[in-house]
Amino acid sequence: MKQKLLVSAACVMLGFSATSFAAGDAAQGQAKSVTCAACHGVDGNSPSDQFPKIAGQHESYILKQLKEFKSGVRSNALMSAQVAGLEEQDMENLAAYFASQTVSEGVADENQVELGKAVYQGGNSATNVPACMACHSANGSGNPAAKFPALAGQHAAYIAAQLTAFREDQRTNDAGSMMRNVAHRMSTKEINAVSQYIAGLK
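Before going into details, it helps to say that this report is about the structure given with it. Model, not experiment: these values are computed from the prediction.

Looking at the side chain of serine 33
(1) Moving on: Structurally, the position occupied by serine 33 is in the loop between helix 2 (26–32) and helix 3 (37–40).
(2) Moving on: Not counting the four nearest positions on each side in its chain, serine 33 is found in contact with Leu94, Tyr97 and Phe98.

Structure representation (structure tokens):
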């Protein structure tokens, strides 16, 4: 219970302390997004579950990830190559464009939704896993001020891959190790179930 309260409090404090950022130009971002379409789809709704849907994602979150791919804070060979030639204004424009799009609905595996919902909404008190909705909201809309991503409708396979990467310390660009601290306590069964539940959120 103490762990859940600490994570919830951290989510709230990060939300209050987050700073604003310059808004990008969505039209310029669309013009720049041609190369992004191969993996993420023309409008940011990736046709492959190996790549995330970025349509409708918070502008602040997209910009953070692009900057961290470029700086090396977040490691991914494919994305690092894609952002290498981008200026900050390019990244702001891309973030504005994809944020302005509408994410497509996802489909959940109904056999895993019950467990996924339980963990997403209530966590697991036995292993000190906090509720996902404490930071990502009950409907998966996230928290743009704190740069906590929207999750609703995201590909289940991509969510599971990211949670696993956090659990195995392969992804480390989470503020204050928040996601790693959560994922370290999650079983593979919980990760898969939560990922399916998130995919079905609207």
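Looking at the layout of surface pockets
To find leftover empty space, one rolls a probe the size of a water molecule over the atoms.
(1) Moving on: By volume, the second largest pocket amounts to about 200 Å³.
(2) Moving on: Lining the second largest pocket are 17 residues, with Val103, Ala150, Leu151, Ala152 and Gly153 sitting closest to its centre.
(3) Moving on: Taken together, the residues of the lining of the second largest pocket sort by class into 6 nonpolar, 8 polar and 3 charged.

A few points about the nonpolar core
(1) Moving on: In terms of nonpolar packing, the biggest core is built from 18 residues, with Tyr120, Met186, Val194 and Ile198 touching the most fellow members.
(2) Moving on: With residues near it in sequence (within four places) discarded, tyrosine 120 still touches Ala131, Cys132, Met133, His136, Ser137, Ala138, Gly140, Leu151, Val194, Tyr197, Ile198 and Leu201.
(3) Moving on: Grouped together as the second largest cluster of nonpolar side chains are 14 residues, Leu63, Phe69, Leu86 and Phe98 included.

A closer look at the packing of helix 7 (residues 113–122) against helix 11 (residues 188–199)
(1) Moving on: At a minimum axis separation of 7 Å, helix 7 and helix 11 run at an interaxial angle of 90 degrees. Compared by their axis directions, helix 7 and helix 11 come out roughly perpendicular. Seen from helix 7, the contacting residues are Val113, Leu115, Gly116, Lys117, Val119, Tyr120 and Gln121; seen from helix 11, they are Lys189, Glu190, Ala193, Val194, Tyr197 and Ile198.

Quick notes on the rules
Residues numbered from 1 in each chain as written. Predicted model: local features only at pLDDT ≥ 70, side-chain atom pairs only at ≥ 80, totals over all residues. Heavy atoms only, no water. Helix = DSSP H or I, 4+ residues; strand = E, 2+ residues; numbered from the N terminus. Contact = heavy atoms within 4.5 Å. 1 Å grid on protein atoms, 1.4 Å probe; cavity = no way out; pocket = protein on both sides within 12 Å on 5 of 7 lines; lining within 4 Å. Points joined across faces, edges and corners; volume = space filled by probe spheres on them. Nonpolar A, V, L, I, M, F, W, Y, C, P; charged D, E, K, R; others polar. Core = buried A, V, L, I, M, F, W, Y, C linked by side-chain atoms within 4.5 Å. Buried < 20%, exposed > 50% of the residue type's maximum accessible area, 1.4 Å probe, protein only. Axes fitted to C-alpha atoms, helices over the stretch in contact; angles between N-to-C directions. Parallel < 35°, antiparallel > 145°, perpendicular 65-115°, else oblique.

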